[in-house]
Amino acid sequence: MKLIVAGATGFVGTEVIRQALSHPAVTSVVALARRATPVPANIGPDANVSKLKSAICNDFDNYSESVKADLAGADACIWLIAITPSKLRTMPFEQVEKICLDYTANGLKTMTGISNKPFRFIYTSGDKVNRDETVRPWIMPDYSVLRSRVENHILDFAKQPDSRDAQVCIARPGLIYAPGHMSALTVVASTIMRSLIGLPRVELDEIAATLLNQAVNGIEKETLLNEDLVRIGRKILRSS
Ligand SMILES: NC(=O)c1ccc[n+]([C@@H]2O[C@H](COP(=O)([O-])OP(=O)(O)OC[C@H]3O[C@@H](n4cnc5c(N)ncnc54)[C@H](OP(=O)(O)O)[C@@H]3O)[C@@H](O)[C@H]2O)c1
């Protein structure tokens, strides 16, 4: 199968690429990002790096013909492009909206128009997102409502006649934990944050295994909560 990983240069994207290169059912991996995606440093002995195609996109509002050609005929996409809470203050909120919502909406629409059927679109959201857009939590209210709008857009899109029966899935991880990949300060800060707001935790390799599994084998359910990501990921990793 041909898999697109959008946001391939990020924290989760790198691990998804690493695992996908060793996955026997994945024959082609298109790494979609605004810059080149390197081969991950810690690939397994069975990894096939010739499967990896880095697709650099300069405009996520209007994909160029060459990027569209790279994406065409895909069977699934794992979408990981977003602004995470730690980077929220680095840009105006309008820019955060554009990247989180507009880029995702255009990616989903463009890909479904040129993909194989069925096309699976796995979106990674966050644990505390409430799909009711009128609910404004006390912590990061604008950002939480934005993530809720993205989830609703994806679910609504899948119900439209022009969605070509796209199968969509929303993954809602809590804190994604990878001690070897995080600074000591980040580990301490995230542990405090986690206990303050009661955020659950999933290991990086677990969520990557789950996202890959849903893309390859089909979507277990429309919304995968943190506990589902842990359960599915652990089962896959134990059996490998
Ligand atoms: N990390 C966590 O603990 C955690 C927890 C819950 C949910 N999530 C969700 O999981 C998803 C992936 O998170 P992550 O930790 O992998 O995030 P990340 O490391 O920040 O990666 C985000 C990806 O989005 C790309 N991106 C950012 N701004 C962009 C722009 N203006 N144009 C094009 N691409 C852009 C980044 O590209 P560059 O590499 O070029 O910047 C990168 O590929 C996100 O939706 C996040 O909210 C993460």
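Every chain is numbered on its own, with residues counted from 1 as its sequence reads. Under the rules for a predicted model, residues below a pLDDT of 70 receive no local features and side-chain atom pairs below 80 are neither given nor counted, while totals for whole chains, interfaces and linings still include all residues. Where side-chain values are given, they derive from all heavy atoms of the structure, hydrogens and water being excluded.

Named according to an unreviewed UniProt entry, the protein chain is Nucleoside-diphosphate-sugar epimerase originating from Talaromyces pinophilus. The UniProt entry for the protein chain carries the following text under Subcellular location (unreviewed entry): "Membrane". UniProt positions are given in the numbering used here, feature names are shortened, and annotations may be inferred rather than shown by experiment.

Colleague: In this structure, what is going on with unusual backbone geometry? I would like to understand it.
Modeller: Of all residues except glycine, most have a negative phi; of all peptide bonds, most are trans. Looking along the chain, the bond that leaves lysine 117 and enters proline 118 is cis, with omega of -5 degrees. Inspection of the secondary structure assignment puts proline 118 in the loop between α3 (93-113) and β5 (120-124). For methionine 140, which is not glycine, the phi dihedral falls at a positive 45 degrees. Counting through the fold element by element, methionine 140 comes out in the loop between β5 and α4 (141-159). Starting at the N terminus, helices and strands are each numbered in turn, a helix being any DSSP run of H or I of at least four residues and a strand any DSSP run of E of at least two.

Colleague: Would you explain the site of the ligand in this entry?
Modeller: In the region of the ligand, 22 residues are neighbours, and Thr9, Arg34, Arg35, Lys87 and Arg147 sit closest. Valine 12 is positioned such that a nitrogen or oxygen atom in its backbone is 2.9 Å from an oxygen atom of the ligand. Think of a polar contact as two N or O atoms within 3.5 Å of one another; within protein, one of them needs to be a possible hydrogen donor and the other a possible acceptor, and neighboring residues in sequence only count if both atoms come from side chains. A distance of 2.8 Å separates an oxygen atom of the ligand from a polar atom in the side chain of arginine 34. In the complex, the protein chains occlude 85% of the 900 Å² of accessible area that the ligand would expose alone. Mapped onto the shell around the ligand, the elements with two or more residues apiece are α1 (11-20) and α3. By convention in this text, a residue qualifies as near a molecule or strand provided that one of its non-hydrogen atoms is within 4 Å of it. Throughout, the Shrake-Rupley method with a 1.4 Å probe supplies accessible areas, and for residues the shown protein chains are the sole cover considered.

Colleague: Is there a simple way to explain the pattern of salt bridges in this structure?
Modeller: Here the idea is simple: oppositely charged side chains can pair when their charged atoms come close. Here a salt bridge means any side-chain nitrogen of Lys or Arg lying within 4 Å of a carboxyl oxygen belonging to Asp or Glu. Scanning the model with the defined rule gives 16 salt bridges in all. Among the salt bridges present, the one from lysine 128 reaches aspartate 127, with a minimum N-O distance of 3.4 Å. Overlapping salt bridges bring together Glu220, Lys221, Asp228 and Arg231 as one network.

Colleague: What is the right way to look at the packing of aromatic side chains in this model?
Modeller: The geometry of an aromatic ring pair is captured by two quantities: the separation of the ring centres and the angle between the planes. For Phe, Tyr and Trp, rings pair up if their centres lie within 6.5 Å, where Trp contributes its six-membered ring, and each pair is then called stacked (planes under 30 degrees apart), edge-to-face (over 60) or tilted (otherwise). Tallied over the entire structure, the rule returns 3 aromatic pairs. Note on phenylalanine 60 and tyrosine 63: the rings are 6.1 Å apart at their centroids and 85 degrees apart in plane angle, and the pair reads as edge-to-face. When sorted by exposure, phenylalanine 60 lands in the same class as tyrosine 63, which is buried. Aromatic side chains phenylalanine 60 and tyrosine 103 sit 5.3 Å apart centroid to centroid with 25 degrees between the ring planes, which places their arrangement in the stacked category. Separated by 43 residues along the polypeptide, phenylalanine 60 in the loop between β3 (52-56) and α2 (65-71) and tyrosine 103 in helix α3 bring together distant segments of the chain. Exposure is judged per residue with a 1.4 Å probe applied to protein chains only, and the accessible area is read against the type maximum: over 50% gives exposed, under 20% gives buried, and values in between give partly exposed.

Colleague: Is there a simple way to explain the pairing of strand β1 (residues 2-6) in this structure?
Modeller: Working note: regular strand, side chains alternate between the two faces of the sheet. The element β1 is largely enclosed, with a buried count of 5 among its 5 residues. Here β1 shows a buried face lined by Lys2, Ile4 and Ala6 and a second buried face lined by Leu3 and Val5. Should DSSP find at least two bridges between two strands, the strands are taken to pair. Where β1 meets strand β2 (residues 28-33), 5 bridges bridge the pair, whose relative direction is parallel. When the sheet's bridge partners are listed, leucine 3 is paired in β2 with valine 29.

Colleague: What's the story with the sheet that holds β2 in this structure? I'm lost.
Modeller: Adjacent strands of a sheet pair through backbone hydrogen bonds, lying either parallel or antiparallel. As summarised here, the arrangement of the 7 strands in space is β3-β2-β1-β4-β5-β6-β9, forming an open sheet in which the pairing is parallel. Either end of the sheet is taken by a strand with one partner, and the two such strands are β3 and β9 (223-225). Across the sheet, the mean angle from the axis of one strand to that of its neighbour is 20 degrees, orientation sign disregarded. For strand β4 (residues 76-79) and β5, the ladder comprises 4 bridges, and the chain directions are parallel. Of the residues in β5, the one forming a bridge with tryptophan 79 is tyrosine 123. The strands that α3 touches are β1, β2, β4 and β5; relative to β4, the one it contacts most, it runs at about 175 degrees. Sheet contacts for α4: β5 and β6 (167-172); angle to β6, the most-contacted strand, approximately 160 degrees. Axis geometry follows a simple rule: fit a line to the C-alpha atoms, using only the stretch in contact for helices, then measure angles between N-to-C directions, giving values from 0 to 180 degrees. Residue contacts are defined here by distance: any two heavy atoms, one from each residue, within 4.5 Å place the two residues in contact.

Colleague: Mind showing me how you'd approach the environment of glycine 198 here?
Modeller: Mapped onto the fold, glycine 198 is located in the loop between α5 (184-197) and β8 (201-203). Taking relative accessible area as the criterion, glycine 198 reaches 48% and is therefore assigned partly exposed. The sequence separation of glycine 198 and leucine 3 amounts to 195 residues, and the corresponding C-alpha distance is 34 Å.

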